[in-house]
Amino acid sequence: MGSVETSSLMRDLLKQAGGVAVVDGGLATELERHGADLNDPLWSAKCILTSPHLIRTVHLDYLEAGADIIITASYQATIQGFEAKGFSTEESEDLLRKSVEIAREARDIYYDRCTEGASGDSGNGRILKRRKILVAASVGSYGAYLADGSEYSGDYGEAMTLGTLKDFHRRRVRVLAEAGPDLLAFETVPNKLEAQAYAELLEEENMELPAWFSFNSKDGVNVVSGDSLLECAAIAESCKNVVAVGINCTPPRFIHGLLTSITKVATKPIIVYPNSGESYDADRKMWVQNTGVSDEDFVSYVNKWCEVGASLVGGCCRTTPQTIRAIYRTLPNRSTTPPEQ
Ligand code: MET
Ligand SMILES: [Zn+2]
């Protein structure tokens, strides 16, 4: 697949969606809401081992809420993390592949449901519209693997190098890519060094799979490490694999300003999937309830984000299928777009 085909993946998706495609919502926090205990260094990756059926259910819930893209449970799944739990390299790689398989299975089941059921918006609010659905293989940052909250500080210490980060991600990215996703989602990228590492890795490995780079911010100006968002977005913009660049896991109130700034350097489609705005207590490893915005408030921002250039919109931590359904419904073109056969 060359770069022409790479960009047509996104172009076709956006065209089908009537201009704005819907990304799914929080996966890990939704697994928790269903009772999964993620208090483990593997976090949501633990469910690949213990409850694949639950991951599949959550993917399906998001598809039925209108998501055009589902993101795999591999955010915190790394070969190093699984090995630390006693798995062999081969077993660890199988677990990575499994995250992609689960999402692909969910998509197949969804397509079956579209064929069996009435198409369109069935009475109970389930959206059963046959449409092109993409599986994005999540690649969480090195900080996410550390599971010490450093994906929200972006501080990997002075000793961290580009080479170390590339080596950390190299085999993982290759295994995920070969498991058959439609694209790679480099999510919650906390600093410039890691963005650079991903871009160089994709280039060095001659990877042909499309990817998106999505950064997070806690001040509404820079990425969480304090690095310039413009410099980070420029790295994404110049990487040939990258088909979308944007922001995730960031409070909704910061998004408008961040998007405006990304448009200064990005010509590629812009993706945004904020968290619920609740604050995270890193010491207690818990989200502080009711500190965020309601689904109604979240959704009231969506069309404004699109006006400033977002063309892929979804949710991150603590958003739910309900948030995604509300996003789908608020997009002017969705209810009228004929389903693609
Ligand atoms: C900390 S951001 C987590 C992103 C990941 N895709 C999830 O929803 O679980
Ligand atoms: Zn998140």
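Remember, predicted model here, so these are calculated numbers, not experimental data. (Residues numbered from 1 in each chain as written. Chains lettered and ligands numbered in written order. Predicted model: local features only at pLDDT ≥ 70, side-chain atom pairs only at ≥ 80, totals over all residues. Heavy atoms only, no water.)

Visitor: Would you mind showing me how to read the overall build of the protein chain here?
Guide: When its secondary structure is counted, the protein chain shows 13 helices and twelve strands. Here the C-alpha atoms of the protein chain give a radius of gyration of 18 Å, agreeing with the 20 Å that 2.2 N^0.38 yields for 341 residues. Counting only C-alpha atoms and orienting by the principal axes, one finds that the protein chain spans roughly 55 × 45 × 45 Å. Within the protein chain, buried positions represent 57% of all 341 residues. Considering only contacts in the protein chain between residues 6 or more positions apart, those separated by 24 or more positions represent 77%. (Helix = DSSP H or I, 4+ residues; strand = E, 2+ residues; numbered from the N terminus. Rg over C-alpha atoms; globule rule 2.2 N^0.38 Å. Buried < 20%, exposed > 50% of the residue type's maximum accessible area, 1.4 Å probe, protein only. Contact = heavy atoms within 4.5 Å.)

Visitor: I tried to follow the packing of aromatic side chains on my own but got confused; where do I start?
Guide: What describes a pair of aromatic rings is the distance from one ring centre to the other and the angle between the planes of the rings. All chains considered together, the criterion is met by 15 aromatic pairs. Seen in terms of ring centroids, Trp 43 and Tyr 75 are 5.9 Å apart; in terms of plane orientation they differ by 65°. Their pairing is edge-to-face. Of the two residues, Trp 43 sits in the loop between helix H2 (28–33) and helix H3 (46–50) while Tyr 75 sits in the loop between strand E2 (69–71) and helix H5 (79–84), which places them 32 residues apart along the sequence. The exposure classification of Trp 43 matches that of Tyr 75, with both residues buried. (Phe/Tyr/Trp six-rings, centres within 6.5 Å; stacked < 30°, edge-to-face > 60°.)

Visitor: Can you help me understand the environment of Leu 230 in this one?
Guide: Mapped onto the fold, Leu 230 is located in helix H10 (residues 229–238). Remark: the alpha-carbon pair of Leu 230 and Ala 266, spanning 36 residues in sequence, is separated by 8.9 Å. Beyond its immediate stretch of four places on either side in the chain, Leu 230 contacts Ser 261, Lys 264 and Val 265.

Visitor: Sorry, what's going on with the UniProt feature "binding site: Zn(2+)" (unreviewed entry) in the protein chain here?
Guide: The sites that carry the UniProt feature "binding site: Zn(2+)" (unreviewed entry) are, in the present numbering, Cys 249, Cys 316 and Cys 317. The named residues occupy 69 residues along the chain; their greatest pairwise C-alpha distance, 6.2 Å, places them in one compact cluster. Mapped onto the elements, Cys 316 comes out in the loop between strand E12 (310–313) and helix H13 (321–330). Excluding residues within four positions of it along the chain, Cys 316 makes contact with Gly 25, Gly 26, Asn 248, Cys 249, Tyr 273, Pro 274 and Asn 275. By the secondary structure assignment, Cys 317 is in the loop between E12 and H13. Beyond its immediate stretch of four places on either side in the chain, Cys 317 contacts Gly 26, Thr 29, Trp 43, Tyr 152, Cys 249, Asn 275, Ser 276 and Trp 287. (UniProt positions renumbered as here; feature names shortened; annotations may be inferred.)

Visitor: For this particular structure, what's the right way to read the coordination of the zinc ion (ligand 2)?
Guide: Tetrahedral coordination by four donors sets the ideal angle at the metal to 109.5 degrees; octahedral coordination by six donors sets it to 90 or 180 degrees. Protein coordination at the zinc ion (ligand 2): the donors are Cys 249 (SG), Cys 316 (SG) and Cys 317 (SG), at 2.2 to 2.3 Å from the metal. Around the zinc ion (ligand 2) sit four donor atoms, and with donor-metal-donor angles ranging over 94 to 132° the site reads as tetrahedral. Of note, the donors binding the zinc ion (ligand 2) are all from one chain and are spaced C-x66-C-C. One end of the pair, Cys 249, is in the loop between strand E8 (242–248) and helix H11 (252–262); the other, Cys 317, is in the loop between E12 and H13, and 68 residues separate them in sequence. Side by side, Cys 249 and Cys 317 carry an identical accessibility label, which is buried. (Donors = N, O, S within 2.8 Å, 3.2 Å for Na, K, Ca; no water. Tetrahedral: all angles 85-135°; square planar, octahedral: opposite > 155°, others 65-115°.)

Visitor: I would appreciate a short explanation of the pairing of strand E9 (residues 270–273) in the present structure.
Guide: Looking along a regular strand, one sees side chains alternate from face to face of the sheet. Every second residue of E9 is oriented toward a common face, with Ile 270 and Val 272 on one face and Ile 271 and Tyr 273 on the other, all of them buried. Judged from the four bridges that link them, E8 and E9 form a sheet pairing that is parallel. Bridging from a neighbouring strand, Ile 247 pairs with Val 272 of E9. Taken together, E8, H11 and E9 form a β-α-β motif whose crossover is right-handed. Two elements, E9 and E12, share three bridges in a ladder whose sense is parallel. Residue pairing for E12: Val 272 is matched across the bridge by Val 313. (Pairing = 2+ DSSP bridges. Right-handed = clockwise from strand over helix to strand, strands pointing away.)

Visitor: Please explain the site of ligand 1 as it appears in this structure.
Guide: The environment of ligand 1 is made up of Gly 26, Leu 27, Ala 28, Tyr 75, Glu 151, Tyr 152, Glu 187, Thr 188, Cys 249, Cys 316 and Cys 317. Between Leu 27 and ligand 1, the recorded distance is 2.8 Å, taken from a backbone N or O atom to an oxygen atom. Note that a nitrogen atom of ligand 1 is positioned 2.9 Å from one of the side-chain N or O atoms of Glu 187. Summarising the interface, the protein chains cover 98% of the accessible area of ligand 1, which totals 300 Å² for the free molecule. A per-class count over the shell around ligand 1 returns seven nonpolar, two polar and two charged. (Near = heavy atom within 4 Å. Polar contact = N/O pair within 3.5 Å; in protein donor to acceptor, adjacent residues only side chain to side chain. Areas by Shrake-Rupley, 256 points an atom, 1.4 Å probe, with all protein chains shown as cover. Nonpolar A, V, L, I, M, F, W, Y, C, P; charged D, E, K, R; others polar.)

Visitor: Looking at this model, I keep getting lost on the packing of helix H4 (residues 52–64) against helix H6 (residues 89–116). Mind explaining?
Guide: Geometry of a packed helix pair, given as the angle between the helix axes and the separation of the axes. Two elements in contact, H4 and H6, have axes whose closest approach is 9 Å; the angle formed by their N-to-C orientations is 45°. With respect to H6, the axis of H4 lies oblique. Crossing handedness for the pair H4 and H6: right-handed. Taken together, the residues of H6 that come into contact with H4 (itself represented by Pro 52, Ile 55, Arg 56, His 59, Leu 60, Leu 63 and Glu 64) are Lys 98, Ile 102, Ala 103, Glu 105, Ala 106, Arg 107, Ile 109, Tyr 110 and Arg 113. When the residues that make up the contact of H4 with H6 are grouped by side-chain class, the tally is nine nonpolar, one polar and six charged. (Axes fitted to C-alpha atoms, helices over the stretch in contact; angles between N-to-C directions. Parallel < 35°, antiparallel > 145°, perpendicular 65-115°, else oblique. Left-handed = near helix turned anticlockwise from the far one by under 90°.)

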